[in-house]
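Inside the fold
The lines below spell out each chain.
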Amino acid sequence: MENCGIAQSAILRFIIIGAFAPNLHFPFSHSQFSIHDPLKVTEMMKNIAVVLSYDGTNFNGWQIQKNGPSIQESMEDAIFHLLKQKVHVSGVGRTDSGVHARRYVANFHADCTIPMDRLPYALNSFLPEDIAVSGAVEVPEDFDARFNCTKKEYAYYLFPSTLRDPFHARYAYRYNYPLDITKMQEGAQYFVGKQDFASVRSQGTPVKSTVRTIFWCEVEPVDDLIRIRVCGDGFLYNMVRAIAGTLTYVGGGKLAPEQVRDVLLACDREQAGPTLPACGLFMNRLWYDDTPELDRFRLSD
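Definitions and limits used
Each chain carries its own residue numbering, running from 1 in the written order of its sequence. In keeping with the model being predicted, local features are shown solely for residues with a pLDDT of at least 70 and side-chain atom pairs are shown and tallied solely at 80 or more, while totals for entire chains, interfaces and linings include all residues. Side-chain measures here rest on the full set of heavy atoms in the structure, leaving out hydrogens and waters. Confidence of the prediction at every residue is given by pLDDT, a number between 0 and 100. Here, residues are in contact when the closest pair of their heavy atoms is within 4.5 Å. For this analysis, a ring pair means two rings from Phe, Tyr or Trp (six-membered ring only for Trp) whose centres lie within 6.5 Å, classed as stacked if their planes differ by under 30 degrees, edge-to-face if by over 60, and tilted for the remaining angles. Helix and strand assignments come from DSSP, with helices taken as H or I runs of at least 4 residues and strands as E runs of at least 2, each series counted from the N terminus. Partly exposed residues are those whose accessible area sits between 20% and 50% of the maximum for their type, while under 20% is buried and over 50% is exposed, using a 1.4 Å probe and protein chains only. The salt bridge definition used is simple: a Lys or Arg side-chain nitrogen within 4 Å of an Asp or Glu carboxyl oxygen. Buriedness for pockets is judged along seven lines, at least five of which must meet protein on both sides within 12 Å for an open set on the 1 Å grid over protein atoms alone, while cavities are sets there where a 1.4 Å probe fits but cannot get out, and lining residues have an atom within 4 Å of a point. Grid points are joined across faces, edges and corners, and a volume is the space filled by probe spheres set on the points. Charged residues are taken to be Asp, Glu, Lys and Arg, nonpolar residues to be Ala, Val, Leu, Ile, Met, Phe, Trp, Tyr, Cys and Pro, and polar residues to be all remaining types, Gly included.

1. Observations regarding the confidence of the model for the chain
Scored by pLDDT, the chain has a mean of 89; 86% of the residues are at 70 or more. Of the regions scoring below 50 in pLDDT, residues 1–42 engages in 33 contacts with residues more than four places distant in sequence or in other chains.

Structural data, given as structure tokens:
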């Protein structure tokens, strides 16, 4: 009975492969592959990296949660429906509930014979409309989307207006008061460097250290929005949203630009600005300096 189940699974994968790649010849003859040879099955396992983007509005973040849908759960379900295999999908970061991603990388190990250029189409047919896979590639066995990422950039969008705009409601935070972008840009430079960011961290998962390195922090106008871009080697819980909140204090005159230095030295969350809502935050760009397989996707552009 067990062999019968394995055979049925193999036939089903063959049907799926044919559906998404009708010109592909099944790569195993009877002499090359046998359901009685577990070693051959193991050799088919691949480490697959996928590039995706998502609107996080309707999700409780990346990580699987008991109290609502998550991106990770949606990805694992889609892979199960496609390949009939339960896999663990590792993501580049644990974005919070309501946070979006323009670029995101995840990886999983699976027995997959669907060509990599066809895999995004196959996965998207099992994913909800607010998640889209745009690329897939086989990567080295020891690759991990999180630990191989050398730096990440987040972008936070502000909509400084007293009037609502329904086209910004899901993707920018409306701020009711005028903001001085020049002062915000000046204050943003105090976040750059290796330092203790305890003042812009919300309590969450315990960490060994609150020291991080920020490579740049830029404030710039984008049409009728203000964009804050923060790039670092890692981030604390709600760190970017607290940085954005602190910069609204600077732009609104509650803090002078140079006072940002004092806020950070205090290592006191009460000294910084508020944690702004998740809707304005995007995982924006990613760097994988030691994984040339991902270069084609231009994740840092």
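2. Digging into the packing of aromatic side chains
Scanning the model with the defined rule gives nine aromatic pairs in all. Summarising the aromatic geometry, the rings of Tyr154 and Phe235 are spaced 5.1 Å apart at their centres and angled 85° between planes, so their arrangement reads as edge-to-face. Of this pair, Tyr154 sits in strand β5 (residues 151–160) while Phe235 sits in the loop between β9 (225–232) and α6 (239–251), placing them 81 residues apart in sequence. Between Trp216 and Trp287, the ring centres sit 5.7 Å apart and the planes meet at 75°, which makes this aromatic pair edge-to-face. You can see Trp216 sitting in strand β8 (residues 211–222) and its partner Trp287 sitting in strand β10 (residues 281–287), a full 71 residues away along the chain. Residue classification places Trp216 among the partly exposed residues on the basis of a relative accessible area of 22%.

3. Some words on the pattern of salt bridges
Note that side chains of opposite charge can pair when their charged atoms are close. Using the criterion set out here, one finds seven salt bridges in the structure. Of the charged contacts, one joins Arg170 and Asp55 as a salt bridge, the two residues approaching to 2.8 Å between their closest N and O atoms. Linking Arg170 in the loop between β5 and β6 (173–175) with Asp55 in the loop between β1 (45–54) and α3 (71–83), this pair joins segments that are 115 residues apart in sequence. A relative accessible area of 11% means that Asp55 is categorised as buried. Notably, a salt bridge pairs Arg285 with Glu153, separated by 3.0 Å at the nearest N-O pair. A residue pair is termed long-range when its members are at least 10 positions apart, and Arg285 in strand β10 and Glu153 in strand β5 qualify at 132 residues.

4. Let's talk about the environment of Gln72
Tracing the backbone shows Gln72 in helix α3. On the accessibility criterion, Gln72 (8% relative accessible area) is buried. Considering only alpha carbons, one finds Gln72 and His88, 16 residues apart in sequence, at a separation of 8.7 Å. The residues touching Gln72, leaving out its near neighbours within four places in the chain, are Trp62, Gln63, Ile64, His88 and Val89.

5. Comments concerning the layout of surface pockets
The volume enclosed by the largest pocket comes to roughly 1200 Å³. Together, 41 residues line the largest pocket, and Gly93, Arg94, Arg146, Lys152 and Phe235 are the ones closest to its centre. For the lining of the largest pocket, the secondary-structure elements that each account for two or more residues are β2 (90–91), β5 and α6. With three residues, the single largest contributor to the lining of the largest pocket is α6. Tallied by class, the residues present in the lining of the largest pocket amount to 15 nonpolar, 17 polar and nine charged.

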